[in-house]
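Breakdown of the fold
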Amino acid sequence: MKTKVLYVEDEIGLGSIVKETLVSRGYHVVMVTDGGLVQMALEDFRPDICVLDIMLPNKDGFTIAQEIRVRHPETPIIFLSAKNQTESVLKGFASGGNDYMRKPFSLEELIVRMENLLSIHREKMPENNSEKQFGNFVFDSISHELKNDNESWDLPYREGKLLEVLLQYENQVVNRSVILETIWGSDSHMNSRTLDVYINRLRKILKADENLQLKTIKGVGYLFVVR
């Protein structure tokens with residue numbers, strides 16, 4: 001599987017060059033140009049590493065790094081910035097960054113630094129216990145890859161967390177409010193509607209195995225039957 005890079009940069013020209021270079025080296029890159037849109041991209045894409053500019057529209061890189069650290073404490077973060085004062089560098093590390101490169105920078109050096117952080121990150125990851133097999137499927141709780149003998153799916157972050165919760169409560173009824181609070185921290189109407197979408201998507205995938213059933217228990221929640 002390709003290494004997933006979330007690249008946040010509002011300079012379109014520079015961003016295009018960096019993205020194209022990383023893609024040519026085999027990385028899967030999602031580029032975001034607005035700091036206010038990073039959280040959505042982060043949850044849907046579930047990157048292996050984040051490369052952040054600091055000066056961004058609507059939300060700066062320091063704030064973004066702090067938010068990433070809350071939800072994904074182990075994800076490596078590299079700052080790329082024209083702000084080269086010592087104060088900015090120190091603030092970058094204090095906000096959760098693992099590395100800091102000043103603009104202009106060498107793309108070769110960026111790739112070397114990315115691979116170094118990814119290597120350290122992989123060494124820290126637990127071995128062989130992130131995969132869960134159920135029916136004809138295997139789910140990786142770290143990468144959120146779901147696969148069977150014929151296909152594989154890279155689940156968005158919250159859809160993957162939903163499957164984690166269902167597997168935790170397999171063959172037991174789990175209350176809808178428990179799922180909403182666990183995944184979103186809120187049972188708001190918008191989150192509830194999103195949950196319905198994710199449930200339907202998982203049903204469509206899981207129906208490939210007749211020994212699996214994702215049942216709605218009306219007025220209560222869900223029952224994930226694993227035979």
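Being a predicted model, the structure only gives us computed values, none of them experimental.

1. With respect to the overall build of the protein chain
The helix and strand tally for the protein chain stands at eight helices and 12 strands. Structurally, the protein chain occupies a C-alpha span of about 60 × 35 × 30 Å along its principal axes. Of all 227 residues assigned to the protein chain, the portion counted as buried reaches 47%. In the protein chain, 53% of the contacts between residues at least 6 apart in sequence involve partners at least 24 apart. Total accessible area on the protein chain is roughly 12,000 Å²; 48% of this is exposed by carbon and sulfur atoms. Charge-centre separation for the protein chain: the mean point of 28 positive side chains lies 5 Å from the mean point of 33 negative side chains.

2. Focus on the pattern of salt bridges
Evaluation of the coordinates by the stated rule reveals 11 salt bridges. Glu-9 is the salt-bridge partner of Lys-103, the closest N and O atoms lying 2.8 Å from each other. Of the two residues, Lys-103 is situated in the loop between β5 (99–102) and α5 (107–124) and Glu-9 in the loop between β1 (4–8) and α1 (12–24); the sequence distance between them amounts to 94 residues. The residues Lys-103 and Glu-9 share a single accessibility class, namely buried. Ionic pairing is found between Glu-170 and Lys-132, a salt bridge with its closest N-O pair at 3.6 Å. With Glu-170 in the loop between α6 (157–168) and β10 (173–175) and Lys-132 in strand β6 (residues 131–134), this pair connects stretches of sequence that are 38 residues apart. Relative accessible area serves as the criterion here: at 23%, Glu-170 is assigned to the partly exposed category. Since its relative accessible area comes to 35%, Lys-132 is described here as partly exposed. If you follow the salt bridges from partner to partner, you end up with Glu-9, Glu-11, Asp-53 and Lys-103 in one network.

3. Some thoughts on the sheet that holds strand β7 (residues 137–140)
Strand order in this open sheet of four strands is β6-β7-β8-β9, and the pairing throughout is antiparallel. The open sheet is flanked by β6 and β9 (152–154), the only strands paired with a single partner. Going from strand to strand, the sheet's axes swing by 15 degrees on average, the running direction of each strand aside. With four bridges joining them, β6 and β7 adopt antiparallel strand pairing. For Glu-131, the partnering residue across the bridge sits in β7 and is Asp-140.

4. A closer look at unusual backbone geometry
In the segment running from Lys-103 into Pro-104, the intervening peptide bond is cis, with an omega of -5 degrees. Considering the arrangement of structural elements, one finds Pro-104 in the loop between β5 and α5. Phi at Arg-46 takes a positive value of approximately 50 degrees, unusual for a residue other than glycine. By secondary structure assignment, the location of Arg-46 is in the loop between α2 (38–45) and β3 (49–52). Judged by relative accessible area, which is 18%, Arg-46 ranks as buried.

5. Looking at the packing of α1 against α5
The contact between α1 and α5 brings their axes to 11 Å, and the two run at 55 degrees. In terms of their interaxial angle, α1 and α5 are classed as oblique. For the element pair α1 and α5, the recorded crossing hand is right-handed. For the pair formed by α1 and α5, the contact residues are Ile-17, Val-18, Thr-21 and Leu-22 on the first element and Leu-107, Leu-110, Ile-111 and Met-114 on the second. Within the contact of α1 with α5, the residues separate by chemical class into seven nonpolar, one polar and no charged.

About the cut-offs
Residues numbered from 1 in each chain as written. Predicted model: local features only at pLDDT ≥ 70, side-chain atom pairs only at ≥ 80, totals over all residues. Heavy atoms only, no water. Helix = DSSP H or I, 4+ residues; strand = E, 2+ residues; numbered from the N terminus. Buried < 20%, exposed > 50% of the residue type's maximum accessible area, 1.4 Å probe, protein only. Contact = heavy atoms within 4.5 Å. Areas by Shrake-Rupley, 256 points an atom, 1.4 Å probe, with all protein chains shown as cover. Lys, Arg positive; Asp, Glu negative; His and termini not counted. Charge placed at Lys NZ, Arg CZ, Asp CG, Glu CD. Salt bridge = Lys/Arg side-chain N within 4 Å of Asp/Glu carboxyl O. Pairing = 2+ DSSP bridges. Axes fitted to C-alpha atoms, helices over the stretch in contact; angles between N-to-C directions. Parallel < 35°, antiparallel > 145°, perpendicular 65-115°, else oblique. Left-handed = near helix turned anticlockwise from the far one by under 90°. Nonpolar A, V, L, I, M, F, W, Y, C, P; charged D, E, K, R; others polar.

In short, shape yes, function no, at least from these values alone.
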